[in-house]
Amino acid sequence: MSQSFIATAQRVLEIEQTALQELHQYLDAQFIQACEMIMACSGRVIVIGMGKSGHVGNKIAATLASTGTPAFFVHPGEASHGDLGMITENDIVMLISNSGETHEIVSIIPVIKRIGAPMIAMTGNPQSSMATLADAHVCIKVSQEACPLGLAPTASTTATLAMGDALAVALLEAKGFTADDFALSHPGGSLGKRLLLTLNDVMHSGDDVPRSHQSQSIKDALLEISSKGLGMTAVVDDSERLVGLFTDGDLRRVLEQRVDIHNTALIEVMTPNCTTADAHMLAAEALKIMEQKRINGLIVTDHEQRPIGALNTQDLLRAGVI
């Protein structure tokens, strides 16, 4: 029985993979026209679908909205009972149906035309009512459903979802949509933290910044590192400007070389020209720098190279950036 489950699952995946491969032929002039219509739209994309196509349409609308194309989903049944009032002539209506003949959708097309909103149909039948009545038709035809009865939407809904993603990402790139733009619509959760938090939000500042003068001994620096708990201390000169960094790793190397920690000044053993960061830098960007440099901490400096903050990977972990 277990082998039967695996065999069936493999067959389903193979059929759906084939369906996705077949979509390439439909990236044609009609797909381009659909993209250009949405690019020129001053309103929103109103996605309408029934049943499984409606569930997929809901996701397509959400993907469009989160990637720079204002969109929302309207149920065709509710549309007939007042929700058509959400649609204006400045909007574009995207109709989704595998057959292209879904009664609940076809019946509201005359009203949409009267409103004056252009229509994009996404169907598996280029000769269907929806396809011929729309201003642009994006084909999502599949040669076979994964359901052995040929009844349950399977490969067709996968194809619809993938074509919706293709449309959304094509628009995203055409608009020059950036990570900062993405962050504005994703302020919550770990994604929002990765995209919105700056070092100002996560760094230690004021008296919590580990700081040692370049003339101090290694022992003094060790006490500063221990008291501040960041595994490092900024090394500064008489003007409080950063001249180097001394870390736990530097201490281990010093001990291995049997250097006198009581009488040796930090300037002799510190790491000069250390990597620094700006307080307005995104925390995610700082994490990338730390990963590339293979370092566990950063000193944040002002425009005069004076230490104003410090952080390590544990701070980024607690903030949800990692």
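Reading the values: the criteria
Residues numbered from 1 in each chain as written. Predicted model: local features only at pLDDT ≥ 70, side-chain atom pairs only at ≥ 80, totals over all residues. Heavy atoms only, no water. Salt bridge = Lys/Arg side-chain N within 4 Å of Asp/Glu carboxyl O. Helix = DSSP H or I, 4+ residues; strand = E, 2+ residues; numbered from the N terminus. Buried < 20%, exposed > 50% of the residue type's maximum accessible area, 1.4 Å probe, protein only. Axes fitted to C-alpha atoms, helices over the stretch in contact; angles between N-to-C directions. Parallel < 35°, antiparallel > 145°, perpendicular 65-115°, else oblique. Left-handed = near helix turned anticlockwise from the far one by under 90°. Contact = heavy atoms within 4.5 Å. Nonpolar A, V, L, I, M, F, W, Y, C, P; charged D, E, K, R; others polar. Pairing = 2+ DSSP bridges.

> Tell me about the pattern of salt bridges, and please be specific about residues and values.
Counted under the stated rule, the structure contains seven salt bridges. Across the pair D91 and R44 runs a salt bridge, and its minimum N-O distance is 2.8 Å. Of this pair, D91 sits in the loop between helix 4 (76-79) and strand 3 (92-97) while R44 is found in the loop between helix 2 (29-40) and strand 1 (45-49), placing the two residues 47 residues apart along the sequence. On the accessibility criterion, D91 (1% relative accessible area) is buried. For R44, a relative accessible area of 29% corresponds to the partly exposed category. A salt bridge links K59 to D165, with the shortest nitrogen-to-oxygen separation between them at 2.8 Å. With K59 in helix 3 (residues 52-66) and D165 in helix 8 (residues 155-175), this residue pair connects regions lying 106 residues apart in the sequence.

> So what's going on with the packing of helix 1 (residues 2-22) against helix 8? Which residues, and what values?
Helix packing for two helices is described by the angle between their axes and how far apart those axes are. Between helix 1 and helix 8, the shortest axis-to-axis distance is 9 Å and the interhelical angle comes to 40°. Of the possible angle classes, the one that applies to helix 1 and helix 8 is oblique. As helix 1 runs across helix 8, the sense of the crossing is right-handed. Only A155, T158, A159 and A162 of helix 8 make contact with helix 1, whose side of the interface consists of I15, E16, A19 and L20. The residue inventory of the contact of helix 1 with helix 8, partitioned by class, reads six nonpolar, one polar and one charged.

> Account for the sheet that holds strand 12 (residues 297-301), with residues named and values stated.
Strand order in the open sheet made by the four strands is 6-13-12-11, with mixed pairing throughout. Lying at the two open borders of the sheet, with one neighbouring strand each, are strand 6 (204-205) and strand 11 (276-277). Strand direction decides the pairing type here: strand 11 and strand 12, joined by two bridges, are parallel. Each bridged residue has a counterpart across the sheet, and for T276 the counterpart in strand 12 is I299.

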